[in-house]
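# Structure at a glance
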Amino acid sequence: MQIALYKGPATEPMDRLIHWAVCVRTFSPYSHVEIVIGGVGPDGLSTCYSSSGRDGGVRVKRIDLANGHWDMLPWRADEAAVTDWFAKHDSAGYDYVGLLTFVLPWKLGSARKYFCSEALAAASGLSRPWAWTPGRMARYAKRQLATARDGLGRQVP
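Since we're looking at a predicted model, the values are computed, not measured. (Residues numbered from 1 in each chain as written. Predicted model: local features only at pLDDT ≥ 70, side-chain atom pairs only at ≥ 80, totals over all residues. Heavy atoms only, no water.)

On to the layout of surface pockets, then. Its volume calculated, the largest pocket comes out at about 740 Å³. Contributing to the lining of the largest pocket are 31 residues, with Y6, D15, H32, S52 and R54 lying nearest its centre. For the lining of the largest pocket, the secondary structure elements donating two or more residues are α1 (13–26), β2 (32–36), β3 (46–52), β4 (57–63) and α3 (116–123). Of all the elements, α1 adds the most residues to the lining of the largest pocket, at four residues. For the lining of the largest pocket, the class distribution of residues is 14 nonpolar, 10 polar and seven charged. (1 Å grid on protein atoms, 1.4 Å probe; cavity = no way out; pocket = protein on both sides within 12 Å on 5 of 7 lines; lining within 4 Å. Points joined across faces, edges and corners; volume = space filled by probe spheres on them. Helix = DSSP H or I, 4+ residues; strand = E, 2+ residues; numbered from the N terminus. Nonpolar A, V, L, I, M, F, W, Y, C, P; charged D, E, K, R; others polar.)

See below:
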């Protein structure tokens, strides 16, 4: 399992503005995140799980991740729990109000709607899912990778 982190550039003017605002506010080059399960299919697309305002909220989607707009990092979570969470929350709305959490020191938004990193954190069993940003997920994945050990306690390269 991996996470795909959107680094842009966005093509549409409004998407460009949103990408820039999220990146600036979260001190990160990333404005969106997906969990990727499985490999690249024969069609060149990957199966991605996330929540997207453009797609109406929580969804599973096939995406071309080889177009230069994405960075990929390994992600350690229970795959069955992730797919189960997304199946149970399929079509839950996108939490636009919840994005204000990145600006304000308390949680806003809906308990039944999710923005991208909030959905991934919830599906992965992370605490306070609403407090996660794409950049925070990237840092967490890099720490997971740096501390990965095999069954004998040896550092995994």
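Time to look at the sheet that holds β4. With antiparallel pairing, the five strands of this open sheet are ordered in space as β4-β3-β2-β1-β5. The open sheet is flanked by β4 and β5 (70–74), the only strands paired with a single partner. Going across the sheet, the axis of each strand differs from the next one's by a mean of 30°, ignoring polarity. Pairing of β2 with β3, which is carried by two bridges, proceeds in the antiparallel orientation. Paired with V36 across the bridge in β3 is C48. Sheet strands touched by α3: β1 (2–6), β2 and β3. Its angle to β2, the strand with the most contacts, is close to 35°. Here helix α4 (residues 134–146) sits on the sheet and contacts β1, β2 and β5; the angle it forms with β5, its principal contact strand, is near 40°. (Pairing = 2+ DSSP bridges. Axes fitted to C-alpha atoms, helices over the stretch in contact; angles between N-to-C directions. Contact = heavy atoms within 4.5 Å.)

For the coordinates displayed, the defined rule picks out zero disulfides. No disulfide involves C23; its nearest neighbouring cysteine sulfur is the one of C116, lying 11 Å away. The class for C23 is buried, based on a relative accessible area of 11%. (Disulfide = S-S within 2.5 Å. Buried < 20%, exposed > 50% of the residue type's maximum accessible area, 1.4 Å probe, protein only.)

Attention now moves to the pairing of β1. Of all five residues that make up β1, four are buried, and the element is covered over most of its length. Looking at chain direction, β1 and β5 are connected through five bridges and run antiparallel. Bridged to Y6 within β5 is W70.

By themselves, these observations are geometric and do not establish any function.
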